[in-house]
Amino acid sequence: MSNEISRNWPAPAKLNLFLHINGRRADGYHELQTLFQFIDCCDLLDFRVTQTPELILHSDMSSVVADSDNLILRAAKSLQQATGYPGGAEIWLEKCLPMGGGLGGGSSDAATTLVALNQLWNTQLSNDELATIGLKLGADIPVFIRGFAAFAEGVGERLQAVTPTEFWYLVIAPDAHVSTAAVFQDPLLPRNTPKLGIDTLMSQPWANDCQDLVVSKYPQVAKALGWLLEYAPSRMTGTGACVFGEFSSQQQALAALAKLPSDMQGFVAKGMNISPLIVRLNHP
Ligand SMILES: C[C@](O)(CO)[C@H](O)COP(=O)(O)OP(=O)(O)OC[C@H]1O[C@@H](n2ccc(N)nc2=O)[C@H](O)[C@@H]1O
Ligand SMILES: Nc1ncnc2c1ncn2[C@@H]1O[C@H](COP(=O)(O)OP(=O)(O)OP(=O)(O)O)[C@@H](O)[C@H]1O
């Protein structure tokens, strides 16, 4: 067995180009209709396969998230348990994505871990099997495993490939941590958007049902979105706090970024209908 480190596995962020909440299930989870697209802004993971079963994570995250809660180690453990693989792994994480921002970084780290270790351990699970394992850890993990831009229903696990325009985005990460669970528990969250067919949804103006609630509770999100709307059609992703504006060229997005007030953090990224993870898997 090779002792080499397999480097630079990307875990990209996602944007919810629209997000509708259609109802609440008996288990408390919400029925959604949402459109996922990846962006070329990624965490990076390295892996070394070990003969012994320990799973070790090297990152600067351990002061923020305990190892036992880290989705990377939970994903690796789930794959060990599902396959009976006797070895383990040492994993290095370079965390670039803002946490708890609606960009899905934790879910993407977990998906990249499942896809990479399935290849490096040669455990040969199908994408369907990996997505089933992933879904138990988080509603957004299946889309990152499949790696194509998708219209999603259910809690986000029923996916249909789509090819929305790959805009350039200016993403602003307000200095606020918005808890996904708290947004979904809020009595003021609208939960009754009618379910619509994919053709109608793709052609009508896009919106996020969580946005008004989050904007009303977090002045930093309101400020970022208000600023961005002066430059481009803009919305919130997921349950926030990040907001994004869409531009038809990199130059236009960078020109807006150059004007960003110094008390806000932002970056420019390209929309991608095929995830950088799939590109890496097919062209190591
Ligand atoms: C809102 C989205 O970001 C859209 O992409 C995701 O659906 C959230 O996905 P996630 O962060 O992976 O969420 P999870 O870790 O599965 O769930 C966090 C919490 O959000 C709530 N939750 C999440 C997804 C969903 N469809 N309904 C929910 O009610 C649940 O209270 C859950 O305890
Ligand atoms: N590897 C990880 N990276 C980031 N967060 C992690 C990780 N493992 C566990 N977490 C936990 O998951 C929470 C959500 O992280 P994440 O960055 O995915 O949020 P998000 O961008 O709001 O995602 P979503 O859009 O799926 O709600 C974090 O606040 C953290 O407590």
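It should be emphasised that the depicted structure is a prediction, and the values quoted were computed from it without experimental measurement.

> Mind showing me how you'd approach the site of ligand 1 here?
Close contacts around ligand 1 come from 17 residues, with Asn16, Tyr29, His30, Ala139 and Asp140 the closest. Between an oxygen atom of ligand 1 and a side-chain N or O atom of Asn16, the distance comes to 3.0 Å. Compared with its free state, where it exposes 640 Å², ligand 1 has 82% of that area covered by protein. When atom positions are compared with the pocket grids, ligand 1 is found to occupy the largest pocket. Contributions of two or more residues to the shell around ligand 1 are made by strand S1 (5–24), strand S2 (30–50) and helix H5 (180–185). Residue classes in the shell around ligand 1 are distributed as seven nonpolar, eight polar and two charged. Counting residues domain by domain, the shell around ligand 1 receives three or more from each of domain 1 (6–162) and domain 2 (168–272).

> Quick question: what am I supposed to make of the site of ligand 2 here?
Around ligand 2 there are 21 residues in total, and Leu71, Gly102, Gly104, Gly106 and Asp140 lie nearest to it. In the model, an oxygen atom of ligand 2 is placed 3.4 Å from a nitrogen or oxygen of the Gly105 main chain. One of the side-chain nitrogen or oxygen atoms of Asp140 is found 2.7 Å away from an oxygen atom of ligand 2. When ligand 2 sits alone it has 620 Å² of accessible area, and the protein chains cover 81% of it. Cavity membership is defined here by more than half of the atoms lying within 2 Å of grid points; on that basis ligand 2 lies in the largest pocket. Tallying contributions element by element places helix H2 (residues 105–120) first for the shell around ligand 2, with four residues. Its residues placed into classes, the shell around ligand 2 shows six nonpolar, 10 polar and five charged.

> Which parts of the structure should I look at to understand helix H1 (residues 71–83)?
For H1, with 13 residues, the first-to-last C-alpha span of 18 Å sits near the 18 Å given by 1.5 Å per residue. Residues of H1 that are buried include every one of Ile72, Leu73, Ala75, Ala76, Ser78, Leu79 and Gln80, and no others. As for H1, its buried residues are in contact with S2, strand S3 (55–58), strand S4 (88–94), H2 and helix H3 (127–135). Positive phi shows up at Gly84, right after H1, with a value of about 70°.

> Got a minute to help me understand the UniProt feature "domain: GHMP kinase C-terminal" (unreviewed entry) in the chain in this structure?
In the numbering adopted here, UniProt assigns the feature "domain: GHMP kinase C-terminal" (unreviewed entry) to residues 200–262. In residues 200–262, the share of helix is 49% and the share of strand is 13%. The end C-alpha atoms are 40 Å apart.

> Looking at this structure, I do not really get the packing of H2 against H3. What am I missing?
Packed helices, taken two at a time, are described by the angle their axes make and the gap between the axes. Running from N to C, H2 and H3 cross one another at 140°; their axes reach a closest spacing of 10 Å. Our classification of the angle between H2 and H3 gives oblique. Between H2 and H3 the crossing geometry is right-handed. From H2, Leu114, Val115 and Asn118 reach across to H3, where they touch Leu130, Ile133 and Gly134. Class assignment of the residues belonging to the contact of H2 with H3 gives a composition of four nonpolar, two polar and no charged.

> Whenever I open this one, the nonpolar core confuses me. Can you help?
The tendency in soluble globular proteins is for nonpolar side chains to be buried side by side. The biggest cluster of nonpolar side chains holds 38 residues, and the ones touching the most others in it are Leu45, Leu79, Ile91, Leu114 and Trp121. A total of six residues in this core trace back to one element, the largest contributor, which is H2. The contacts of Leu114, once residues within four sequence positions are left out, are Ala75, Leu79, Leu130, Ile133, Gly134, Ile141 and Ile145.

> Please clarify how the side chain of Asn118 should be interpreted in this entry.
In this structure, Asn118 sits in helix H2. Overall, Asn118 belongs to the buried group, its relative accessible area being 10%. Polar side-chain contacts of Asn118 include one of 3.2 Å to the backbone nitrogen of Gln124. Polar side-chain contacts of Asn118 include one of 2.9 Å to the backbone nitrogen of Leu125. Those residues in contact with Asn118 that sit more than four places away from it in its chain are Leu79, Thr123, Gln124, Leu125 and Leu130.

Thresholds, definitions, all that
Per chain, residue numbering runs from 1 following the sequence as it is written. As a convention, the first chain written is A and the first ligand written is 1, with the rest following in written order. Confidence filtering applies because this is a predicted model: local features only for residues at pLDDT of at least 70, side-chain atom pairs given and counted only at 80 or more, and all residues used for totals across whole chains, interfaces and linings. Heavy atoms throughout the structure, all of them, feed into the side-chain values; hydrogens and water do not. Summary of the distance rule: residues count as near a molecule or strand when at least one heavy atom falls within 4 Å of that molecule or strand. Polar contact is the term for a pair of N or O atoms within 3.5 Å; when the atoms are in protein, one must be able to donate a hydrogen and the other to accept it, and sequence-neighboring residues count only if both atoms are side-chain atoms. All accessible areas in this document rest on Shrake-Rupley with a 1.4 Å probe, and a residue is counted as covered only by the protein chains that are shown. Only protein atoms enter the calculation, which uses a 1 Å grid: trapped sets of points that fit a 1.4 Å probe without letting it out are cavities, open sets showing protein on both sides within 12 Å along at least five of seven lines are pockets, and any residue with an atom within 4 Å of a point is a lining residue. Cavity and pocket membership follows a simple rule, namely that a molecule belongs there if more than half of its atoms are within 2 Å of the grid points. For helices the rule is a DSSP run of H or I covering at least 4 residues; for strands it is a run of E covering at least 2, with both sets numbered from the N terminus onward. Each residue receives one of three labels: charged for Asp, Glu, Lys and Arg, nonpolar for Ala, Val, Leu, Ile, Met, Phe, Trp, Tyr, Cys and Pro, and polar for the others, Gly being one of them. Each domain's extent was defined by an automatic or database domain assignment. A helix is expected to span 1.5 Å for every residue after the first. Residue exposure (1.4 Å probe, protein chains only): buried if accessible area is under 20% of the type maximum, exposed if over 50%, otherwise partly exposed. Any pair of residues with heavy atoms lying within 4.5 Å of one another is described as a contacting pair. UniProt positions are given in the numbering used here, feature names are shortened, and annotations may be inferred rather than shown by experiment. Axis definition: a line fitted to C-alpha atoms, over the contacting stretch in the case of helices. Angles run 0 to 180 degrees between N-to-C directions. Throughout this description, any angle smaller than 35 degrees is read as roughly parallel, any larger than 145 degrees as roughly antiparallel, any in the 65 to 115 degree range as roughly perpendicular, and the remainder as oblique. If you view the pair so one helix is near and one far, a crossing is left-handed when the near helix is turned anticlockwise from the far one by less than a right angle, and right-handed when it is turned clockwise. Among the buried residues, those of types Ala, Val, Leu, Ile, Met, Phe, Trp, Tyr and Cys that are joined through side-chain atoms within 4.5 Å form a nonpolar core.

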